Amino acid sequence: MVCGCCGFNHVLFVSLLYAALVMESKISKLHSKFAEKTWNETFQLVRRCMDKPKDKSKPCEPLVRSLERLQEVFNVSSVKTMRARLEMIARQRGMGFHLTEATCYLTADLFYLEVVLLPYGGVEEVKVAPHGKSPVPSESLLRLLRSKDFEEFSVKLAALFTQYNIPGDGETRLKLFSSMQWLWNDLEQISQLPSVPKDSDPRVDMINYGRSGCLMAGKEDSPMTIQFHTAPTDGTETSDRQESLVQAARVTVGVSEAAHRLQMASLLPQPPQLDPQGHPVFLSLAEAPHETLPACFLLKLQPAVPMTVAFVNRLSQITGVAIPHVDLQWAPLPKLLTGRSLGSNLPGEPPDGQDTVSTVHVPGGAAHRYVLLAAAWDVPAQRAAAVHSIPFTHPAHVAALLQLLRHQSAVNTLLRSCVGPPGDGAGSVCDLHLEVLPESETSFSVTFQRPDVDSLAVLLVNVRDANQITCTLFGSGIVDPSVDEHLSCVMKKSVSVPATLKTLHGKLREELSSAPIRPATAEGVKDPSSATVTEPDGGPTAGPEGGLAASGSARCAASVAQSELLCEINASPAGDSYPLALAEVFPLPDQ
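Bear in mind the structure is a predicted one, so any value in this text is a computation, not a measurement.

Asker: Quick question: what am I supposed to make of the overall build of the chain here?
Answerer: Across its full length, the chain carries 18 helices and 19 strands. Relative to its 591 residues, the chain shows a buried fraction of 46%. Once local pairs closer than 6 in sequence are excluded, the contacts in the chain between residues at least 24 apart make up 63%. Put simply, the chain shows about 29000 Å² of open surface, and 55% of that area lies on carbon and sulfur atoms.

Asker: How do you make sense of the packing of aromatic side chains when you look at a structure like this?
Answerer: Two numbers describe a pair of aromatic rings. These are the distance of the centres and the angle of the planes. Counted according to the given criterion, the structure contains 4 aromatic pairs. Centroid distance phenylalanine 111 to tyrosine 164: 4.7 Å. Interplanar angle 25 degrees. Geometry classified as stacked. One end of the pair, phenylalanine 111, is in strand 3 (residues 111-117); the other, tyrosine 164, is in helix 6 (residues 150-164), and 53 residues separate them in sequence. For phenylalanine 111, a relative accessible area of 2% puts it in the buried group.

Asker: Would you mind showing me how to read the nonpolar core here?
Answerer: When a protein is soluble and globular, its nonpolar side chains tend to lie buried together. With 72 residues, the main nonpolar core has Leu86, Leu113, Val115, Phe153, Leu187, Ile226 and Val251 as its most contacted residues. For isoleucine 226, the residues in contact, after removing those within four places along its chain, are Leu187, Ser212, Gly213, Cys214, Leu215, Gln247, Ala248, Ala249, Val251, Leu299, Val398 and Leu402. Counting residues in hydrophobic clusters, the runner-up holds 39 residues, among them Leu336, Ala410, Val411 and Phe444.

Asker: Would you explain the sheet that holds strand 4 (residues 123-130) in this entry?
Answerer: Two orientations exist for strands paired in a sheet by backbone hydrogen bonds: parallel and antiparallel. Ordered by their spatial adjacency, 5 strands build an open sheet running 1-2-3-4-5, and the pairing between neighbours is antiparallel. Strands at the two margins of the open sheet, each flanked by one partner only, are strand 1 (96-99) and strand 5 (136-137). Strand direction decides the pairing type here: strand 4 and strand 5, joined by 2 bridges, are antiparallel. From the neighbouring strand, valine 128 faces strand 5, where its bridge partner is valine 136. Along the sheet, helix 4 (residues 79-92) contacts strand 1, strand 2 (103-107), strand 3 and strand 4; its crossing angle with strand 1, the most-contacted strand, is approximately 160 degrees. Helix-sheet contacts for helix 5 (residues 139-146) involve strand 3, strand 4 and strand 5, and the interaxial angle to strand 4 is about 145 degrees.

Asker: Is there a simple way to explain the environment of proline 363 in this structure?
Answerer: Along the chain, the position of proline 363 falls in the loop between strand 11 (356-361) and strand 12 (367-372). Since its relative accessible area comes to 62%, proline 363 is described here as exposed. With 135 residues separating them in the primary sequence, proline 363 and proline 498 have C-alpha atoms 9.5 Å apart.

Asker: Can you walk me through helix 14 (residues 481-494) in this structure?
Answerer: Think of an α-helix as turning once every 3.6 residues; residues three or four places apart then point the same way. Along its 14 residues, helix 14 runs 21 Å from first to last C-alpha, staying within 8% of the 20 Å computed at 1.5 Å per residue. Within helix 14 the residues assigned to the buried category are Val483, Leu487, Ser488, Val490 and Met491. With its buried residues spanning 165 degrees around the axis, helix 14 presents them on a single face. Exposed residues pointing more than 90 degrees away from the buried face of helix 14 are listed as Pro481, Glu485 and Lys493. On the buried face of helix 14, the contacting elements are helix 13 (396-416), strand 16 (456-465), strand 17 (468-474) and helix 15 (497-510).

Asker: Sorry if this is basic, but what is going on with the pairing of strand 2 here?
Answerer: One face of the sheet, then the other: side chains in a regular strand alternate in exactly this way. With 4 bridges connecting them, strand 1 and strand 2 associate as antiparallel partners. Within strand 2, the residue paired with histidine 98 across the bridge is tyrosine 105. Counting the residues that bridge the hairpin from strand 1 to strand 2 gives 3 residues. In the sheet, strand 2 pairs with strand 3 via 5 bridges, with the strands oriented antiparallel. Each residue of the ladder has a partner; that of threonine 103, found in strand 3, is valine 116. Hairpin remark: strand 2 followed by strand 3, antiparallel, with 3 residues in the connecting loop.

The rules behind these values
- Every chain's residues receive numbers from 1 upward, in the order its sequence appears when written.
- Side-chain atom pairs in this predicted model are given and counted only at pLDDT of 80 or more, local residue features only at pLDDT of at least 70, and totals for whole chains, interfaces and linings cover all residues.
- Working from all heavy atoms in the structure, the side-chain values ignore hydrogens and water.
- Under the DSSP-based scheme used, a helix requires at least four consecutive residues in state H or I and a strand at least two consecutive residues in state E, with every element numbered from the N terminus.
- Here the term buried applies to any residue with accessible area under 20% of the maximum for its type, exposed to any over 50%, and partly exposed to those in between, with areas from a 1.4 Å probe on protein chains only.
- Residue contacts follow a heavy-atom distance rule, with two residues in contact if any of their heavy atoms lie within 4.5 Å.
- Residue burial considers only the protein chains on display, and all accessible areas are found by Shrake-Rupley using a 1.4 Å probe.
- The aromatic pairing rule takes the rings of Phe, Tyr and Trp, using the six-membered ring of Trp, and pairs them if the centres are within 6.5 Å, calling planes under 30 degrees apart stacked, those over 60 edge-to-face and the rest tilted.
- Buried Ala, Val, Leu, Ile, Met, Phe, Trp, Tyr and Cys residues that are joined via side-chain atoms within 4.5 Å together make up what is termed a nonpolar core.
- Pairing between strands is defined by DSSP: at least two bridges between the two strands are required.
- Note on definitions: angles span 0 to 180 degrees between N-to-C directions of axes, and those axes are lines fitted to C-alpha atoms, for helices only across the stretch in contact.
- Multiplying one less than the number of residues by 1.5 Å gives the expected span of a helix.
- Note: the arc covers the axis-to-C-beta directions of the helix.

The following block contains the structure:
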């Protein structure tokens, strides 16, 4: 009935009020009923509701979330609760779940996990069984379940699922899985071949110099991983910090637009052999069983490595597999090394196009301020992209790829040492002000005020490869040849520009004031445009047409009396730094 005065519908109001009272009564009865129930009974009720959803193809999301929340707080103290927790984790990861009286099976297409339970809910054994192979015990997964660290177990299971989640239909997937295992086997054999140690620390020697890096062999419960570069430490870092300084790559397989021939057997002659240059001898794909498949092997870099255009192109030259530039986001190399996202600016970061100014603290309490001019670094030769994965098709490619990655990583480590965290050191009093400018993809200069005389000096750093870093000092009256040798040793040992500049600054204060002084003359200054610099492939590039020879360091050097300038510092090394190019392994048409 509607009131004639105010238009209020009294019948509707009474109906709604009655419905609310009925609902409140039902909820009150439910509260009373389940207040006496145990967690286990409530848990089982939610499970029964989930087992009979109205739409069987789509479980009720609120119930799923409720079940997950209940299991997170529920104490796992019986076989039943352990089964329930394992089932939930399996379904979260897109895996199947089956069980017998005392064993749970978490299943995927190419592997399954076997968890044997004890009567009180503990775990007796965990095994991983790849497709077509017998189950193998997994100590890492067993340890996580016994400690009831279900969160970390779920993370580990997700990584395991990704490891075996090979794309393709059933037959193609099996072939790719078999090919990847043959690749792993060849790389493991290569890592065991004899080599001459180059570092006193066996692990560092293996990482930085090993043919296949420090190889962590692929197992049923973990993928093959290659550690290929680590920077020196000062001995004060924790083990976690040292581990974070290691560049690594997972060896796996992925789809590609083009079909490639992939091995279906070992490509190493038996027993494995070395050529006269110390490189492993391989068979070509034409000489061994292989399959043509729409896929290729991948080095998935952890973390991604910022690489300049020249280095990215060199990757493709080694493997014969193109890395599409359209998939990469390009930016000046220093910007990528600071960890900044493209097109965004966090607090303390300079806007795009502005110079990078960083304060770096060095041992002993000193502080250096480094300036990287945006105009100098935003040039084609210094454009870089973060490379996440590198496709290849033959195990012989790996050694050459690692050599190239180490080269770029050495350049990155040196430049990153000049760039502190955004906003760090704001307001600090700095002992040294320095300008860092590029000279080529693999060399740069550092200009600074000398402490002994009122003039500038230039230190040119040339990274011929990851293990050949040379420093040359230019300045009026500097004639001591031992300075360059000493600085090169410091730079190679520390792989740090601030550490080297600290040593140089102290040496200038102590020694150069008393060293023989050679007056600067017009005849003693060479034209900077005649300088040559080293390309990533070992070849020289020259002069102003190269786009970098007329850099700021060269302009500053005119007032510093640069005798013996860049041409003798950046002399190209003889031969190719990356000898295992594709054409030397087998002809390109075979790819």
